[in-house]
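# What the coordinates show
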Amino acid sequence: MREHALTGVTVLAVTKTIETLQIEPLLATGHRHFAENRVQEASEKWPQLRAAYPGVELHLIGALQTNKVRDALRLFDVIETLDRKKLILEFVKYKELLGKKQFYVQVNTGREPQKAGIYPEDADAFIAEARLCLPVTGLMCIPPVEEDPSPHFQLLTILARKHALANVSMGMSSDWQKAITAGATHIRLGSALFGARG
Ligand SMILES: *Cc1c(COP(=O)(O)O)cnc(C)c1O
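Summary of the structure given here.

Conventions and cut-offs
- Residue numbers restart at each chain and count upward from 1, following the sequence in its written direction.
- Thresholds applied to this predicted model are a pLDDT of at least 70 for local features of residues and 80 or more for the giving and counting of side-chain atom pairs; totals over whole chains, interfaces and linings are not thresholded and use all residues.
- The basis for every side-chain value is the complete set of heavy atoms in the structure, and neither hydrogens nor water enter the calculation.
- We define the nonpolar core as a collection of buried residues of types Ala, Val, Leu, Ile, Met, Phe, Trp, Tyr and Cys that are connected through side-chain atoms lying within 4.5 Å of one another.
- Residue burial is assigned from relative accessible area. The probe radius is 1.4 Å, only protein chains are included, and a residue is buried under 20% of its type maximum, exposed over 50%, and partly exposed in between.
- Working rule for contacts: check all heavy atoms of both residues, and any pair within 4.5 Å makes them a contact.
- In this text, near means that some heavy atom of the residue lies within 4 Å of the molecule or strand in question.
- We call two N or O atoms a polar contact when they sit within 3.5 Å, provided that within protein one can donate a hydrogen and the other can accept it, with sequence-adjacent residues counted only if both atoms are side-chain atoms.
- Here the accessible surface of atoms and residues is derived via Shrake-Rupley with a 1.4 Å probe, and residues count as covered only by protein chains that are part of the display.
- Each residue gets one label: Ala, Val, Leu, Ile, Met, Phe, Trp, Tyr, Cys and Pro are nonpolar, Asp, Glu, Lys and Arg are charged, and the others, such as Gly, are polar.
- Starting at the N terminus, helices and strands are each numbered in turn, a helix being any DSSP run of H or I of at least four residues and a strand any DSSP run of E of at least two.
- What makes two strands pair is DSSP finding at least two bridges between them.
- Whether a crossover is right-handed depends on one test, that the path from the first strand over the helix to the second runs clockwise when the strands point away from the viewer.
- One speaks of a salt bridge when a side-chain nitrogen belonging to Lys or Arg is within 4 Å of a carboxyl oxygen belonging to Asp or Glu.

### Quick notes on the nonpolar core
If you look at the biggest cluster of nonpolar residues, it comprises 53 residues, and the most contacted ones within it are Leu82 and Phe91. Setting aside chain neighbours within four positions, we find leucine 82 in contact with Leu87, Ile88, Phe91, Phe103, Tyr104, Val105, Gln106, Phe126, Ala130, Leu134 and Val136. Core analysis: the next-biggest nonpolar cluster, separate from the first, contains seven residues, Val14, Val78, Tyr104 and Met140 among them.

### A few points about the site of the ligand
As a structural note, the neighbourhood of the ligand is formed by Val14, Lys16, Ile61, Ile142, Met172, Ser173, Arg188, Leu189, Gly190, Ser191 and Arg197. Note that an oxygen atom of the ligand is positioned 2.7 Å from one of the side-chain N or O atoms of lysine 16. Between an oxygen atom of the ligand and a main-chain N or O atom of serine 191, the distance comes to 2.7 Å. Considered on its own, the ligand offers 380 Å² of accessible surface; in the complex 89% of this is hidden by protein. Across the shell around the ligand, the residue classes tally to five nonpolar, three polar and three charged.

### Quick look at the pairing of strand S6 (residues 136-140)
Taking burial as the measure, the five residues of S6 include four buried ones, the bulk of the element. For strand S5 (residues 102-106) and S6, the ladder comprises four bridges, and the chain directions are parallel. Within the sheet, the bridge partner assigned to tyrosine 104 lies in S6 and is glycine 138. Crossover S5 to S6 through helix H5 (residues 120-133) is right-handed.

### Thoughts on the environment of alanine 123
Structurally, alanine 123 can be placed in helix H5. You can call alanine 123 buried: its relative accessible area is 0%. In this structure, alanine 123 is in contact with Ile118 and Leu159, ignoring residues within four places of it in sequence.

### Description of the pattern of salt bridges
Enumeration according to the criterion identifies 10 salt bridges in this entry. Put simply, aspartate 77 and arginine 50 hold a salt bridge, and the shortest N to O gap is 2.8 Å. Residue aspartate 77 is located in the loop between helix H3 (69-75) and strand S4 (78-82), and its partner arginine 50 is located in helix H2 (residues 39-52); the two are separated by 27 residues in the primary sequence. The partner of aspartate 148 in a salt bridge is lysine 178, and the shortest N-O contact between them spans 3.4 Å. Within this pair, whereas aspartate 148 is found in the loop between S6 and helix H6 (150-162), its partner lysine 178 is found in helix H7 (residues 176-181), the two being separated by 30 residues in sequence. Assessed through its relative accessible area of 43%, aspartate 148 is described here as partly exposed. Through salt bridges with shared partners, a single ionic network connects Glu36, Glu41 and Lys45.

See below:
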């Protein structure tokens, strides 16, 4: 299913803090690509929504604790925040749940200590290691808020090409045009679709 044939870019509707009643109109139009940043919140909304609207692809775009890995696999189709060895080791314990899952490696392109993601200089080794154990199909980044995101987006695309990874998740409501220019395959839109979060 390709909803955006013009560009080939998939819009992930980011539904964190958004109530089911506000999500349903988008589902009713046929949109099926969504993202949440917290396992707990997703578990409160998405089992019911999935039952009512088949074909949803749900991405996890927030940091994941190892004790939530099993729940994450139950809820999400794509885990975009793989960024450390501990997580790899935890995921491989649930081989039976990995069937149709996809993983993106999160890269901390701005090397921000408070932010999740593998540092760029460690990315080659980490991607290679992760692929030995898990179906890694893409990369994801969240550039520093105070900087021009374009160099960060370009870095992520270069890394993805280098590793022949098909999916590049980058760009949010404020910078998605730049992300598409730099090669995004998935943009993550929250406020642009639902308005400012309270
Ligand atoms: C919230 C969030 C988004 C969407 O942000 P907007 O600025 O509302 O579009 C995208 N990616 C991640 C990782 C997020 O946490």
